[in-house]
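The lines below spell out each chain.
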Amino acid sequence: MLAVRVLGTAAILFVLSIIVFSMLHLAPGDLVKTLLGTRPASPEAVAAIREQYHLDDPLPVQYLRWLGGVLSGDFGESIRLQTSVSDAIAARLGLTLALCGLAFAIALAVGIPLGVQSAVRAGGVLDRAGTTLGVIGLSAPTFAVGLLLLYVFAYYLPIFPVYGGGRGPLDTLYHLVLPAVTLAAGLGAIVLKLTRTAMLRELDADYVTSARARGIPESRTRRLALRNAAIPIVTGASLLLTFLVGGTVLAETTYALPGLGTLLQDSVLFKDLAVVQALTLLVALVIAMIALLADLAYLMLDPRVRDQGGAA
Amino acid sequence: MTGIEVAIDGIDGPAGPMVAAVAFGIEPGASLALIGESGSGKTLTAKSLVGLLPGGFGARGVLRVDGRAHPLDATDAAWRRVRGREVSLLLQDPFTSLSPVHRCGPQIAWTLEAKAGRRLPKRELDLAVAKRLAEVNLPARVARAYPHELSGGMRQRVAIAAALASDPRLLIADEPTTALDASNQAEILDLLRQLQLERGMAMLLISHDLGLVRGRTDDVLVMRHGEVVERGATATVLSSPEHAYTRALIAADPVLALDAERPDDALGNDADLGVAGRAPLISATGVVKRFGLRTVLDGVDLSIAPGQVVGVVGESGSGKSTLARCIAGLEREDGGSIVFDGRPLAPGRRSRTPEQMQIVFQDPYSSLNPMMTIGAILREALGVGGRRPDEVPAMLELVGLPADAAAKRPAQLSGGQRQRVAIARALAPRPRLLICDESVSALDVQVQAQILDLLGRLRDELDIAILFISHDLAVVRRIADTVTVVWQGHVVEHGSCAQVLDQPSEDYTKLLVAAARRDTTGRTTVA
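Residues numbered from 1 in each chain as written. Chains lettered and ligands numbered in written order. Predicted model: local features only at pLDDT ≥ 70, side-chain atom pairs only at ≥ 80, totals over all residues.

A. How the structure looks around the overall build of chain B. Each helix and strand counted, chain B has 19 helices and 21 strands in total. Against the 2.2 N^0.38 benchmark of 24 Å for 527 residues, chain B shows a C-alpha radius of gyration of 25 Å, consistent with a compact globule. Residues classed as buried in chain B amount to 48% of the 527 residues present. Intrachain contacts of chain B at a sequence separation of at least 6 include 69% that bridge at least 24 residues. (Helix = DSSP H or I, 4+ residues; strand = E, 2+ residues; numbered from the N terminus. Rg over C-alpha atoms; globule rule 2.2 N^0.38 Å. Buried ≥ 20, exposed ≤ 12 C-beta atoms within 10 Å, placed from the backbone. Contact = placed C-beta atoms within 7 Å.)

In structure tokens:
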């Protein structure tokens, strides 16, 4: 099972790297001009740059050179930053991870309790307020929410910093609050919807009626339903993590955070191929890992699936 | 004053009154059966007595437990003090009434803690759970099992243990055996009766099945369209029913009619004779089917001649439905051969044509597309068989439906009418074999009888072969010419209907027949 999965993931990463490689070459723009900037483009300088980055080789050869490097653990050099790709990513990975983790935690901490309460008192004030908030959170674009929060909580009420990543763990956390809330808005709305729907269905199930009919307290009954609802919530929420990957580019740009999202954006604009390739593969790998973890969580949460898995 | 006094002034739903005024009493240690078909209001009555009516429904009246009055329209907070201590409700389906992701032990323990009103130490709880399991004849290790690891009968025992763990004064059992196999039904009902007598607890047993309550309840109450039509001691009502509806229920009850003469028994004694000379239309030989490591069919033989009805009986998990699906091509068999009219059929659906065979499923609520009108459903099926769409009225007439049904959607029809549509749809391509997979199991007994009559008539008129799959021996007896008994993927016994069901030679068949008869005292008063 696991071997098939690993091979499948490897195949997807391989195909993806070819697609990204070709797309970057098809996209308009010229690496040489970007590198030279406003300096005069003497034929010698151009030739030297083309020579240095092997730009005159046929495309398949360029791709294979890159692939050979990756297979031996070398992701190449960033043309733009003039450092190794691994260093460039490692320097920014922590901030993005912290941002995604914080956003996800906020989304769950708000979305799940609100979803449960909405389902328990369906049609009530809280439910209607939750639904309205959910619609807003879902439909408002991430950058718009970001700008709005910036204006309100950093400009008019200067509670949070306007930009930057901060120094030291506490200061970083302080800098990440607004971006995380921005990202969590859309995410939390989906978590709320998922939880509400799953809880409504479970609260309607026979085993809940049966529990109530034998006098089991409402708090216990609710926990019982939530434990059953956890199966669709967890699988749904883990898919949402992949949504974060796209959102983090927007949030980091809005708040000028030096994370992987801004790195990806700058590298694409600069045609910094090695960085884009490495980041794309990293994202794909993370998504594959999340999907695997979601399946494992499913096994953990549902004893019925666990037994089938054991038999097969 | 001891015992249960119920005085319901009425139950109202969103569409108006659902149940009229009804009053009854149950002595401690006594039991009352509430009998009625689906829609008669019996489940609403049960739910109103635990304050768990669905949204939009409301009940007026009062429940008295040993003199303590509990108004039926009390708030949910007030009902929480009543549920469990005074009244407990046991639901129909043990496959859904236990939480699938929790072990059985904790589910019983929650009731114990709810009654105690506090958390109990784990050792004390484990001992108490083991004791409750022992009461329902289950070993203590069941506490560690998840519901899906248990059989239906064992699950219902766990549900009973959980419902009784709060020691209620009244247990309401809502169709507690309808979802179970015949061989489990009698055991569960006898267990309920025994527990009820031992504890001096009152029991309200709700059922659509008069035969089931014989010898197991003291009194009976027959409901129809939300009104009580007859009441009295169970034995008296069963032996000398006064109301025409009760008489109709008894006549339609296949269990009570199990001993009755079949019409063609009187004529030719063995219906097999009529078709003995004809070559089989379909014959399956040595059919093997595995799902993963599990062998579901292990070399099953079956053959059906034109104009013959072959019943395949067995409990759930016996492989009888898998056999039907292999014949229909919905599953691909792993071994054996299936020959149709002399030509072998390869596994799978591609090798079969709509004119060869059609299938009628169990649940007419889910087998018809809710978005299509009946006319559109039948036109589509006629088109599959290359027939003209203007034959829809003729198809409706064939299955005894009015012509105006064509413009309706499935939701506007009753369960019986829907199953007639499903049969008409199956017959539209003029199949030579009709496969009925538990096709009457979801229907009320009276409707069941009508559908069985319809199938019998269609067999005679169209000379089609029918493969009739059922877990219900009494139903099979009404329609089948020969019977094949399947158990764990093997054919246990095969022969004419009368021979297999009246003089079974194999132990397993004897067990099934005994369970279907639900042998109890007083058996001979009816039939």
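B. Here's a closer look at the sheet that holds strand β21 (residues 490-496) of chain B. Residue and element names in this part refer to chain B. With respect to topology, six strands assemble into an open sheet ordered β17-β18-β19-β14-β20-β21, the strand pairing being mixed. The strands lining the two open edges of the sheet, one partner per strand, are β17 (357-360) and β21. Neighbour-to-neighbour, the strand axes of this sheet turn through a mean angle of 15°, independent of strand direction. Looking at chain direction, strand β14 (residues 309-313) and strand β19 (residues 465-470) are connected through five bridges and run parallel. Among the inter-strand pairings, Val 312 is bridged to a residue of β19, identified as Ile 469. (Pairing = 2+ DSSP bridges. Axes fitted to C-alpha atoms, helices over the stretch in contact; angles between N-to-C directions.)

C. Spotlight on the confidence of the model for chain B. All names here are of chain B. Summing up the model confidence of chain B, the mean pLDDT is 85 and the portion of residues at 70 or higher is 93%. Mean pLDDT values for the elements of chain B range from 41 in helix α10 (residues 263-268) up to 94 in strand β7 (residues 87-90). A low-confidence stretch, residues 519-527 stays under pLDDT 50, and its non-local contacts, those more than four residues away or across chains, total 18 contacts. ipTM for the predicted complex: 0.74, alongside a pTM of 0.72. (pLDDT = per-residue confidence, 0-100.)

D. Inspection of the nonpolar core at higher detail. In terms of nonpolar packing, the biggest core is built from 138 residues, with A:Ala103, B:Ile172 and B:Leu204 touching the most fellow members. Those residues in contact with B:Leu204, other than ones at most four positions away along the chain, are B:Ile26, B:Leu32, B:Leu34, B:Ala46, B:Leu170 and B:Ile172. (Core = buried A, V, L, I, M, F, W, Y, C linked by C-beta atoms within 7 Å.)

E. Local environment of the interface of chain B and chain A. Each partner contributes to the interface: chain B provides 28 residues, whereas chain A provides 22 residues. Breaking the side of chain B that touches chain A down by element, the ones donating at least two residues are β7, α3 (104-116) and α5 (152-164) of chain B. With four residues, α3(B) is the largest single contributor of residues to the side of chain B that touches chain A.

F. Summary view of the pairing of strand β2 (residues 16-19) of chain B. All names here are of chain B. Across three bridges, strand β1 (residues 4-13) lies against β2 in antiparallel orientation. Each residue of the ladder has a partner; that of Asp 12, found in β2, is Pro 17. Hairpin connection between β1 and β2: a loop of two residues separates the two successive antiparallel strands.

G. Local environment of the domain arrangement of chain A. Residue and element names in this part refer to chain A. Domain parsing of chain A yields domain 1 (2-71) and domain 2 (88-311). One C-alpha centre belongs to domain 1, the other to domain 2, and the line joining them spans 34 Å. The greatest single-element share of the side of domain 1 that touches domain 2, amounting to nine residues, is contributed by helix α1 (residues 2-26). Residue composition of the side of domain 1 that touches domain 2, grouped by class: eight nonpolar, four polar and one charged. (Domains from an automatic or database assignment. Nonpolar A, V, L, I, M, F, W, Y, C, P; charged D, E, K, R; others polar.)

H. Structural context of α5(B). Relative to the 18 Å expected for 13 residues at 1.5 Å per residue, α5(B) spans 18 Å between its end C-alpha atoms, a close match to the ideal helical length. Most of α5(B) sits inside the fold, with 11 of its 13 residues counted as buried. For α5(B), the set of buried residues is B:Met154, B:Arg155, B:Gln156, B:Arg157, B:Val158, B:Ala159, B:Ile160, B:Ala161, B:Ala162, B:Ala163 and B:Leu164. In the core, the buried residues of α5(B) are packed alongside α9 (206-213) of chain A together with β7, α3, α4 (122-135), β8 (170-174) and α6 (182-199) of chain B. (Expected span 1.5 Å × (residues − 1).)

I. Summary view of unusual backbone geometry. Residue and element names in this part refer to chain B. Located in the positive-phi region is His 225, a residue other than glycine, with phi close to 45°. In this fold, His 225 is placed in the loop between β10 (219-224) and β11 (227-233). Judged by C-beta crowding, with 14 C-beta atoms within 10 Å, His 225 ranks as partly exposed. One non-glycine residue, Arg 430, adopts positive backbone phi at about 50°. Here Arg 430 lies in the loop between α15 (415-427) and β18 (433-437).

J. Focus on the pairing of β10(B). All names here are of chain B. Of all six residues that make up β10, six are buried, and the element is covered over most of its length. Here β10 shows no split at all, with Asp 219, Leu 221 and Met 223 on one side and Val 220, Val 222 and Arg 224 on the other all buried. Here strand β4 (residues 31-35) pairs with β10 via four bridges, running parallel. Residue Leu 34 lies in a different strand from β10, and its bridge partner there is Leu 221. Two strands pair when backbone bridges link them, and β10 and β11 are joined in this way by six bridges, in the antiparallel orientation. The partner of Met 223 across the bridge, within β11, is Val 228. What sits between β10 and β11 in their antiparallel hairpin is a turn of two residues, with His 225 showing a positive phi close to 45°.

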